[in-house]
Amino acid sequence: TDPARWRQFGPFSQLAGAILVEIRTGGGIVGYGMGGGGTAACYIIEHHLSELLAGLDPLNIQMIWDQLFASTSFYGRRGVVVMALSGIDLALWDIAGKHAGKPAHELLGGPTRENVPGYYTGNDLERGLELGFRGVKISGFEDARRGRGGARRAVARILEARKRAGPETALMIDVLCAWDVAHTLEVAEGAAEAKLHFIEEPLLPDDLEGYARLCREVHSTRIASGEHEATRFGFQELIRNRAAHILQPDITWSGGLTECRRIAALADAAGLPLIPHRGGSVYGMTLLCTLRGPTLAESFGTGDSGNQMMELLTPQLEKGCYLPPKGPGFGVEFSDAILRKYAPGLL
């Protein structure tokens, strides 16, 4: 009955479960990719996926992805396994870029834009505006299970945030899958005057019927989902069920660059915006700068102090927009000091 137990995510999810995958080639190139799933994902890589990588041409990335996915499908398909596969895939793209002496986005055909507008995720709304962002996403709406007053409190907080942000700032909320359909409908109607840009993940990821109903009945804003979905197969279901107005794959969780390119193609064919979770990382921006349709890049540690790894993985921000990564691969070199501090298992 403890309400806090609904929000105990454990050590394998979100940033607490972030991993860094290192792949070394016979030619001496080292690639790094960020994944998820914590020690569980590391175990899968060390005891299964690493054996499948031995002796392969690291530049044959799509074939490798397909083989790894097929070989883990009896126990994976989404969640921790795909988070592990994401890190491997990104490390391979890092190798491919370094082998070619080009940024990874050049291997995708090159940028279609000079920059991507960013938005700030964090409840210090004023801090986001000070950094130059033109959009802010706030969270902390998990009290829906504490009675009917939860919707009223959510509406009041959204309207207060709109006053603080001003009318020109894109305002979004992240619910972290804490609501149900009725609660979401009540908040969306009550906060209509705030003109939210989107409501992110109001329901649990597998409630496709609930998401489809929200997409039909919510008219004051858009419904975004996909941060906790995986692979093109999962996103095909979101699209087929008309269960999202905006798709939000996380490139380090949903299958890496290889699979997120496929997801982006599906989104484009369906006429849906792709606004990835944590798109303002060097990994996310590698994909975003090559898209044709409108998109946004979510902040990834921008303005946060104390985490050198996140700072290293964040592309340059200029006038509220992120610039494409520079340098071969993802343009990031990890010093031994950084690896010792954040990824000691690699040394």
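Since this is a predicted model, take the numbers as computed values, not measurements.

What counts and how
- Residues numbered from 1 in each chain as written.
- Predicted model: local features only at pLDDT ≥ 70, side-chain atom pairs only at ≥ 80, totals over all residues.
- Heavy atoms only, no water.
- Salt bridge = Lys/Arg side-chain N within 4 Å of Asp/Glu carboxyl O.
- Helix = DSSP H or I, 4+ residues; strand = E, 2+ residues; numbered from the N terminus.
- Buried < 20%, exposed > 50% of the residue type's maximum accessible area, 1.4 Å probe, protein only.
- Contact = heavy atoms within 4.5 Å.
- Polar contact = N/O pair within 3.5 Å; in protein donor to acceptor, adjacent residues only side chain to side chain.

Chemist: Kindly report on the pattern of salt bridges, identifying the contributing residues and their values.
Modeler: Within this structure, the stated rule accounts for 16 salt bridges. With a closest N to O distance of 3.1 Å, Arg262 and Asp66 form a salt bridge. Of this pair, Arg262 sits in helix H10 (residues 256-270) while Asp66 sits in helix H2 (residues 61-72); the two residues are 196 residues apart in sequence, bridging distant segments of the chain. Note on Asp66: relative accessible area 30%, which makes it partly exposed. One salt bridge in this structure joins Arg232 and Glu259, with 2.9 Å as the shortest N-O distance. Of the two residues, Arg232 is situated in helix H9 (residues 231-240) and Glu259 in helix H10; the sequence distance between them amounts to 27 residues. Here Glu259 falls in the buried class, since its relative accessible area comes to 0%.

Chemist: Can you tell me about the environment of Pro294, naming the residues and giving the values?
Modeler: Here Pro294 is to be found in the loop between helix H11 (282-288) and strand E9 (297-298). With relative accessibility at 67%, the residue Pro294 sits in the exposed group. On a C-alpha basis, the gap between Pro294 and Arg24 in space is 36 Å, while along the polypeptide they are 270 residues apart. In this view, Pro294 contacts Pro273 and Leu274; residues no more than four positions away in its chain are not counted.

Chemist: Outline the side chain of Thr258, listing residues and values.
Modeler: Here Thr258 lies in helix H10. Thr258 sits in the buried class, given a relative accessible area of 6%. Among the polar contacts listed, one links the side chain of Thr258 to the side chain of Asp89, at a separation of 2.5 Å. Side-chain polar atoms of Thr258 contact the side chain of Trp93, separated by 2.9 Å. When residues no more than four places from it in sequence are discounted, the contact partners of Thr258 are Ile61, Gln62, Trp65, Asp89 and Trp93.

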